Every structure is written in structure tokens, then in C-alpha cells.
Amino acid sequence: MSDFHHALRSLRVWDTELPAFDPAAAPADPLPLFHSWFLDAVAAGQSEPHTLSLATAGPDARPDVRTVMLHDADDRGWHFASHATSAKGRQLAANPEAALGFYWPVRGRQVRVRGRVATASREEAYADLHARTTGALAAALTGRQSELLDSLETLAEASAAAWARAEAEPDADAPTWTLYVVEPAEVEFFQGDARRRHLRLRYRRTPDAPSGWAKELLWP
């Protein structure tokens, strides 16, 4: 067996005590449960709990996925940001639907979100850009995300110039920087179980329900 396959077959998951989860006690709305699980992951020492997988598809319907950072989760939805000119930005312009996936292995938990993607105002995008670090601003000012790069030297020069500008002009704007909001149609909470009797609770947007959401259990 190759080193790759030996390593792959030797791996185990959830080498920790998994928390209990009672779907019957879950709130009527998915947002409070997401906030609770997120804070629990932070308290448990989960590395980068604010990172998520973002899946999109362009007009050719081919799926694409990458890891981005969560910027907020509120009554409007789940927020992330990028350049409108990036690959994900162009895909969302053509097909404003997305799926998000959070994975917190320290607790054996996943959260999946699916829904339509809205664009926040320019004022919100500007505020989002300047709520972050100098390095984040420099990266945004570098721009040209997803474009072809001719050499590492070109990247180094552009990055150095962007850092210099970010430090000299902390209020500088990046016009294509866009704040996106995934307006959830479905939110699923997955709690792993050592005996593989995983618990899956799905919230489905249902206007006729008192809370606006229907709760459903799914087979693992």
C-alpha cells in the first residue's frame, strides 16, 4: 500500500467526547442555534471556526468551491465578502445562489446553509472592508483576484504597493469590494455520533409556519 493510502486508511475522526444534541429542544429559528454552536466551537478551541466552504455555480452550471471567512450572521443571513470581479463574484452575478458549509471537528458538528445571495450596500461593503486588519485592506487593494499571474515578482511588487497604500491611507476604498449575504432557504445542523447515529436537523423556510421555519429530522 502506498504511503498516501496507508495514511488515508489510518486516520480517525472525532477523537474526542462529542456533545449531546436534542433536536426537540432546538429553537424555532436557526440563527440562535448557529450562534450557540459557533460560540461552543470557539470555547472548545476549534481552529478558525469562522472559516467556511462557499459553493457557487456560474452560467455553465459547473460547481465551484473555496474557503472564505464569515463576516457576520444576522437576521438577514450569513455574510461574506470578496471582489465582484473575482471568480466567485462573477458566478454570483450570473447565478445568485450559494451553499455554505461549516465544519467543527472538535465538536463533531457541521452546519450547512443554502439560499439566494443578495448584495449589501456600498456603505456596508466599505464599513466591512475597514473593520478588518491592515493586511486585509492591503489584500483587497491588491485586487485582480482570480486573474492570471505572470510571475511571483509581479505579485510581490503589487502587494508591497498595496501594503504601503493601506498604511498611508487607512480609509482607502476598493471599489469592487462587495459584501454578500446568503439569505437562507435551508439550514441544516449535523451532530456526529460515535456509533454513527448522527443527528441531522434541517430548518426549511416555510412562510406558513409561525416562526417562518419548518424543522425536519433527516436520516444520517
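Caption draft 1: Geometry of the overall build of the protein chain. If you tally the helices and strands in the protein chain, you get six helices and nine strands. Dimensions along the principal axes, computed over C-alpha positions, put the protein chain at roughly 55 × 55 × 40 Å. Put simply, the protein chain has 220 residues, and 38% of those count as buried. Considering only intrachain contacts with a sequence separation of at least 6, the fraction spanning at least 24 residues in the protein chain is 66%. Accessible surface computed for the protein chain: about 12900 Å², of which carbon and sulfur atoms make up 54%. Of the charged side chains in the protein chain, 24 are positive and 30 negative; the average position of the first set lies 9 Å away from that of the second.

Caption draft 2: Structural detail: the packing of helix H5 (residues 134-142) against helix H6 (residues 152-168). In the contact formed by H5 and H6, the axes pass within 8 Å of each other and the chain directions differ by 125°. Between H5 and H6, the crossing angle belongs to the class labelled oblique. By crossing handedness, the relation of H5 to H6 is classed as right-handed. Mapping the contact onto sequence places Thr-134, Gly-135, Leu-137, Ala-138, Leu-141 and Thr-142 in H5 and Ala-158, Ser-159, Ala-162, Trp-163, Arg-165, Ala-166 and Glu-167 in H6. Taken together, the residues of the contact of H5 with H6 sort by class into seven nonpolar, four polar and two charged.

Caption draft 3: Inspection of helix H3 (residues 87-94) at higher detail. Looking only at H3, the buried set comprises Ala-87, Lys-88, Gly-89, Gln-91 and Leu-92. Its buried side turned inward, H3 meets strand E1 (51-57), strand E2 (63-69), strand E4 (78-83), strand E5 (97-104), strand E6 (109-119) and strand E7 (177-191).

Caption draft 4: Examining the pattern of salt bridges more closely. Per the counting criterion, the structure on display carries 13 salt bridges. Of the charged contacts in the structure, one is a salt bridge between Arg-114 and Glu-186, with a shortest N-O distance of 3.5 Å. Of the two residues, Arg-114 sits in strand E6 while Glu-186 sits in strand E7, which places them 72 residues apart along the sequence.

What counts and what doesn't
- Residues numbered from 1 in each chain as written.
- Predicted model: local features only at pLDDT ≥ 70, side-chain atom pairs only at ≥ 80, totals over all residues.
- Heavy atoms only, no water.
- Helix = DSSP H or I, 4+ residues; strand = E, 2+ residues; numbered from the N terminus.
- Buried < 20%, exposed > 50% of the residue type's maximum accessible area, 1.4 Å probe, protein only.
- Contact = heavy atoms within 4.5 Å.
- Areas by Shrake-Rupley, 256 points an atom, 1.4 Å probe, with all protein chains shown as cover.
- Lys, Arg positive; Asp, Glu negative; His and termini not counted.
- Charge placed at Lys NZ, Arg CZ, Asp CG, Glu CD.
- Axes fitted to C-alpha atoms, helices over the stretch in contact; angles between N-to-C directions.
- Parallel < 35°, antiparallel > 145°, perpendicular 65-115°, else oblique.
- Left-handed = near helix turned anticlockwise from the far one by under 90°.
- Nonpolar A, V, L, I, M, F, W, Y, C, P; charged D, E, K, R; others polar.
- Salt bridge = Lys/Arg side-chain N within 4 Å of Asp/Glu carboxyl O.

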